[in-house]
Amino acid sequence: MSAFIQSILTQLTVPPGNLIYFIALVFAIASALQSAFNHWRASEFPQARRAFIGLGVLLSAQILIFLLSGLGWQELIDPKAVLPPIDRAFVTFGIVWITWLYAFPEPNRQADAAAILLSMFIATALGLSLISWQQQINDPTTATLSYNLTLDDFIWQIGSLLLALLGMAILFVRKPDGMWYGILLLFLGFLGHAGQLLTGLEGDYSFIVRLAYMTAFPILLTLPQRFAAVTLAETPATVKPTIRKQDTTGRLERRRYSTDPKTFHALLAVAAENNSTKMSQAITRAIAQTMLADLCFMVYLTDNNNQMMIAGGYDLIREDSLEGGPLTKNSIPMLANSIQRGRPLRLPASSTSADIKGLGDILGLTNPGHLLYVPILTPEKETLGGILLLSPYSDRTWSAEDQAFLSNIASSLVPVIQRNQKVAKLEAQSDMARAQVADLESRIRDLTAKLESLQAEAEISRSVDVASLRAAQEESQNIIEQLQRENAELRAGKNLPSAQAEKELKATLQEMAALQNQLAEAQMKVLELEKGQIATRNTEQAEVIASISQELRQPLSSIVGYTDLLLGESVGILGALQRKFVDRIKVSTERIRSLTDDMIQITTLATNLSELKSEMVDLNSIIDNAMSYTSSQMREKNISIILELPKYLSSIHADRDALQQILIHLLQNAGAATPFEGTIKLKVQTRSEDGMEYILIQVADQGGGIAPEDMPRVFSRLYRADNVLIQGVGDTGVGLSIAKSLTEAQHGRIWAESQMGAGATFSVLLPITGKISTEKQKRK
């Protein structure tokens, strides 16, 4: 290296020549900062604003060290004791923020936090380095040592090398727009630090490092230009551009907004539409035609502005309406923030933008293009939703003029949307009113049917009472006639009574007949009163029990719903023990609900038995439904069910619901009696008895078995206080009692067989042809 070049390079490290180095860096950063500011004002892109902030940080750091170098040149501070460590720290600080600027153009909390933490770490290292360097200067043995040959400088150089390598790796992995400019800048800095380590030049400053950064920092001018400038965009391919005017330079300006007749038709469709979904599609179609936007979507807020949803959209290129769907906040953080706060947003097509990627995933687009969002605000500044425009086909960049134009359109849509919301609300109220009317009509029909049934029962009771009364009267009349005949015979006999005796006998007989008539009438009235009291008491009890049971259903359903919500972990992750407890709560609540259903069924059983309807029933579907109904109970105890079914299972003529209830109650009883990880056996076969075909259903459990002395009480209702529960029977006996009543109502038989310690088997025998319809026909 010639002495001339050596002297020039040395000027970069000693005052006042080293000021040239700082001025060059400040000029490069200030130029990039001005470009970023102009780009930010023109586009309002958050990326441009972020670049302006980062360049402002770098410029402030360089101005500070420039001022410190000037103070050292004027010997207002000791340059040798202060400036060398500060110079190394500011170089390292610059590598961190250059990486931040190029690798994270969009807001990123993790990257921001990492950059701040590294800056604080560098400031701490600077403090320690200043203390160490001060001690070395004060030590006579090392007072003449240059800073380039110290361990401190070696550590700073190694740290700068590693940070430059890390920055290049981050840029290569994230692949942001303009990544190669950032990699080139960091690579030049890397070469400067590597050159200093390899050459080991003496001095307090490294001219190789300074020369490398003087070469690299002008590359910062490319930073604000990574995203497309706001220019007049090309119109979509399906809309032919028309010439508006020709300026003095001869350039042709293409139209940015449509005057096509399709736009007028689309606006008329918006005015005529009342359906909310179709209205959203009509609005997006009209806006897409007006703005010449590739894609247009209508975004709504629901659930107190916590949920966002795309109500509908329109594809101008394909001329097709698009379906809506929900939006996830995490996938579109900046757009979600703008939607909730009612603020407009413009984003360029960036490879590192989380919002652009998120919209691409939601809409199924590889590159959604540039983004423009404008809120729909009421005069009271209340957010009704917003309009979202994308340009995946034309790559059109949205300008401030586009944003203002779309804002005017959005404000004009407020009355239309509010009218549609009122119509939707009225329609919902109308539907609710119609449902209430239908419910009232159904209740009226039920009450009318009950009234007719009660009137029919009253007529039957009245006819029976009148018949009994007439029978008593006829009997009394027969007695009187018999006494009159005997009286006539006595008159014709030998010992004729006197006239007085005859008169007394006749009076006595009449009095006896009258007393007999009164006795018969009194007995009929007493019987009628007793029947009325019993029926009234039974009816009142049944109504009270049914009413209480119905009231219990709502809180039980709420408990089950909340337990399902907890088990779904939509409100928080459950631990293993917490999940176990919630599972137990759900199973117990389901058990209480089942018992409540049994209470309702047992109180209305007498009425339901008279309403059984016989039909052809497929036993396979009955078995599938019963196993599905009891699956949660079996799953709680990890119980296995073994099925033994014939290859061909014939249909049975019976009441479908009654047969379903019989099998459910038998399986529930077996599931309650069987221990944990036990087995239940369900067997179905055909049997012939007395020339008739029967279906035999058997359910065997692995409970402890039923004692012989308890067998007569198996099918009784065991919930009374004076009737203790039976060991080996799974439930309170209500289910088995219902199963017995339903079986016998269909002319079947039910019985239990048990062996202590081995379990119990419950069998149901039902005729295949069914006798319900036959008996009804006979009664008719």
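Scoring rules and cut-offs
Residues numbered from 1 in each chain as written. Predicted model: local features only at pLDDT ≥ 70, side-chain atom pairs only at ≥ 80, totals over all residues. Heavy atoms only, no water. pLDDT = per-residue confidence, 0-100. Helix = DSSP H or I, 4+ residues; strand = E, 2+ residues; numbered from the N terminus. Contact = heavy atoms within 4.5 Å. Pairing = 2+ DSSP bridges. Axes fitted to C-alpha atoms, helices over the stretch in contact; angles between N-to-C directions. Core = buried A, V, L, I, M, F, W, Y, C linked by side-chain atoms within 4.5 Å. Buried < 20%, exposed > 50% of the residue type's maximum accessible area, 1.4 Å probe, protein only. 1 Å grid on protein atoms, 1.4 Å probe; cavity = no way out; pocket = protein on both sides within 12 Å on 5 of 7 lines; lining within 4 Å. Points joined across faces, edges and corners; volume = space filled by probe spheres on them. Nonpolar A, V, L, I, M, F, W, Y, C, P; charged D, E, K, R; others polar. Polar contact = N/O pair within 3.5 Å; in protein donor to acceptor, adjacent residues only side chain to side chain. Phe/Tyr/Trp six-rings, centres within 6.5 Å; stacked < 30°, edge-to-face > 60°. Lys NZ or Arg CZ within 6 Å of the ring centre and 35° of its normal. Expected span 1.5 Å × (residues − 1). Salt bridge = Lys/Arg side-chain N within 4 Å of Asp/Glu carboxyl O. Patch = residues over 30% accessible without salt bridge, like charges linked within 9 Å, V, L, I, M, F, W, Y side chains within 5 Å. Areas by Shrake-Rupley, 256 points an atom, 1.4 Å probe, with all protein chains shown as cover.

### With respect to the confidence of the model for the chain
Okay, step 1: Averaged over all residues, the pLDDT of the chain equals 76, while 70% of them reach at least 70.
Okay, step 2: At the low end of the mean pLDDT range in the chain sits strand E1 (residues 243–246), at 38; at the high end sits helix H6 (residues 151–174), at 92.
Okay, step 3: Across residues 230–254, where pLDDT falls below 50, the model places 45 contacts with residues more than four positions away in sequence or in other chains.
Okay, step 4: Low pLDDT, under 50, characterises residues 494–498; the predicted model gives this stretch 4 contacts beyond four residues in sequence or across chains.

### Here we look at the sheet that holds strand E11 (residues 640–644)
Okay, step 1: One open sheet holds the 5 strands; their spatial order is E11-E13-E14-E16-E15, and the pairing between them is mixed. Two strands lie at the open edges of the sheet, namely E11 and strand E15 (749–755), each paired on one side alone. Along the sheet, successive strands turn relative to each other by an average axial angle of 20°, direction set aside.
Okay, step 2: Bridge count between E11 and strand E13 (residues 679–689): 5 bridges; the pairing is parallel. The partner of Ser640 across the bridge, within E13, is Thr679.
Okay, step 3: Sitting on the sheet, helix H20 (residues 734–745) is in contact with E15 and strand E16 (759–767), with an inclination near 140° to E15.

### Some details on the nonpolar core
Okay, step 1: One finds Leu55, Tyr102, Phe217 and Leu220 to be the most contacted residues of the largest nonpolar core, which totals 55 residues.
Okay, step 2: Looking at this core, the elements that each hand over two or more residues are helix H2 (18–43), helix H3 (46–73), helix H4 (79–103), helix H5 (109–138), H6, helix H7 (179–199) and helix H8 (207–216).
Okay, step 3: Ranked by residues supplied to this core, first place goes to H4 with 15 residues.
Okay, step 4: In this structure, Ile623, Leu659, Ala670 and Leu736 belong to the second largest nonpolar core, which totals 40 residues.

### Some words on the layout of surface pockets
Okay, step 1: Put simply, the second largest pocket is a space of about 860 Å³.
Okay, step 2: Looking at the lining of the second largest pocket, the elements with two or more residues in it are H3, H5, helix H11 (333–341), strand E7 (345–347) and helix H12 (354–363).
Okay, step 3: Within the lining of the second largest pocket, the residues separate by chemical class into 12 nonpolar, 8 polar and 11 charged.

### Brief notes about the side chain of Thr378
Okay, step 1: Following the sequence through the fold, Thr378 ends up in the loop between strand E8 (370–377) and strand E9 (383–391).
Okay, step 2: For Thr378, the side chain forms a polar contact with the main-chain nitrogen of Glu382, separated by 3.0 Å.
Okay, step 3: Look past the residues within four positions of Thr378 in its chain and what remains in contact with it is Leu384, Val414 and Gln418.

### What about the packing of aromatic side chains?
Okay, step 1: If you walk through the whole model with that rule in mind, you get 10 aromatic pairs.
Okay, step 2: Taking 4.8 Å as the distance between ring centres and 85° as the angle between the ring planes, the aromatic pair formed by Trp133 and Tyr147 counts as edge-to-face. Here the residue Trp133 occupies a position in helix H5, and Tyr147 occupies one in the loop between H5 and H6, the gap between them amounting to 14 residues. Accessibility assignment for this pair places Trp133 and Tyr147 in one class, buried.
Okay, step 3: Feature note: the residues Phe37, Trp40 and Phe52 constitute an aromatic cluster, connected by ring pairs.
Okay, step 4: Arg210 extends its terminal NZ or CZ atom over the ring of Tyr205, reaching a point 4.5 Å from the ring centre.

### Quick look at empty space enclosed by the protein
Okay, step 1: In the structure shown here, the tally under the stated rule is 6 cavities of 30 Å³ or more.
Okay, step 2: By volume, the largest cavity is sized at about 100 Å³.
Okay, step 3: Secondary structure elements with two or more residues in the lining of the largest cavity: H2, H3 and H4.
Okay, step 4: Tallied by class, residues from the lining of the largest cavity come to 10 nonpolar, 2 polar and 1 charged.
Okay, step 5: Of the voids in this model, the second largest cavity is the one considered here, and its volume is about 80 Å³.

### Description of helix H19 (residues 656–673)
Okay, step 1: Its 18 residues give H19 an end-to-end C-alpha distance of 26 Å, which sits within 8% of 26 Å, the value for a rise of 1.5 Å per residue.
Okay, step 2: With 14 of its 18 residues buried, H19 lies for the most part within the structure.
Okay, step 3: Of the residues that open H19, the one with a side-chain oxygen 3.3 Å from the backbone nitrogen of Asp657 is Asp655.

### Remarks on the pattern of salt bridges
Okay, step 1: All chains considered together, the criterion is met by 11 salt bridges.
Okay, step 2: Linking Arg210 and Asp87 is a salt bridge whose minimum nitrogen-to-oxygen distance equals 3.2 Å. One end of the pair, Arg210, is in helix H8; the other, Asp87, is in helix H4, with 123 residues separating them in the sequence.
Okay, step 3: One salt bridge in this structure joins Glu744 and Lys740, with 2.6 Å as the shortest N-O distance. Taken as a pair, Glu744 and Lys740 lie in helix H20 at a separation of 4 residues, close to a single helical turn.
Okay, step 4: The class for Glu744 is partly exposed, based on a relative accessible area of 43%.
Okay, step 5: You can call Lys740 partly exposed: its relative accessible area is 26%.
Okay, step 6: If you follow the salt bridges from partner to partner, you end up with Asp87, Arg88, Asp153 and Arg210 in one network.

### Observations regarding the environment of Ala111
Okay, step 1: Secondary-structure assignment places Ala111 in helix H5.
Okay, step 2: On a C-alpha basis, the gap between Ala111 and Thr99 in space is 10.0 Å, while along the polypeptide they are 12 residues apart.
Okay, step 3: In this view, Ala111 contacts Trp100 and Phe104; residues no more than four positions away in its chain are not counted.

### Some words on the pairing of strand E14 (residues 692–700)
Okay, step 1: The buried count for E14 comes to 7 of 9 residues, which makes it a mostly enclosed element.
Okay, step 2: Here E13 runs beside E14; their pairing, made up of 9 bridges, is antiparallel. Counted as the bridge partner of Leu682 is Val699 from E14.
Okay, step 3: Hairpin connection of E13 to E14: 2 residues between the antiparallel strands, including Asp690 at a positive phi of 55°.
Okay, step 4: Here E14 runs beside E16; their pairing, made up of 7 bridges, is antiparallel. Within E16, the residue paired with Gln698 across the bridge is Ser763.

### So, unusual backbone geometry
Okay, step 1: In this structure, Asp395 takes a positive phi of about 55° despite not being glycine.
Okay, step 2: We classify Asp395 as partly exposed; its relative accessible area is 46%.
Okay, step 3: Look at Glu677: it is not a glycine, yet its phi comes out positive at around 60°.
Okay, step 4: On the secondary structure map, Glu677 appears in the loop between H19 and E13.

### What about a nonpolar patch on the surface?
Okay, step 1: Together, Ile116, Leu117 and Met120 line one region of the surface with nonpolar side chains, adding up to about 320 Å² of accessible area.
Okay, step 2: Relative to the assigned elements, Met120 resides in helix H5.

### Here's the deal with the pairing of E16
Okay, step 1: Across the 9 residues of E16, 8 count as buried, placing the element largely inside the fold.
Okay, step 2: Here E15 runs beside E16; their pairing, made up of 7 bridges, is antiparallel. Bridging across to E16, Ser754 finds its partner in Ala760.
Okay, step 3: Connecting E15 to the antiparallel partner E16 that follows it, the hairpin turn spans 3 residues, and Gly757 within it adopts a positive phi of roughly 85°.

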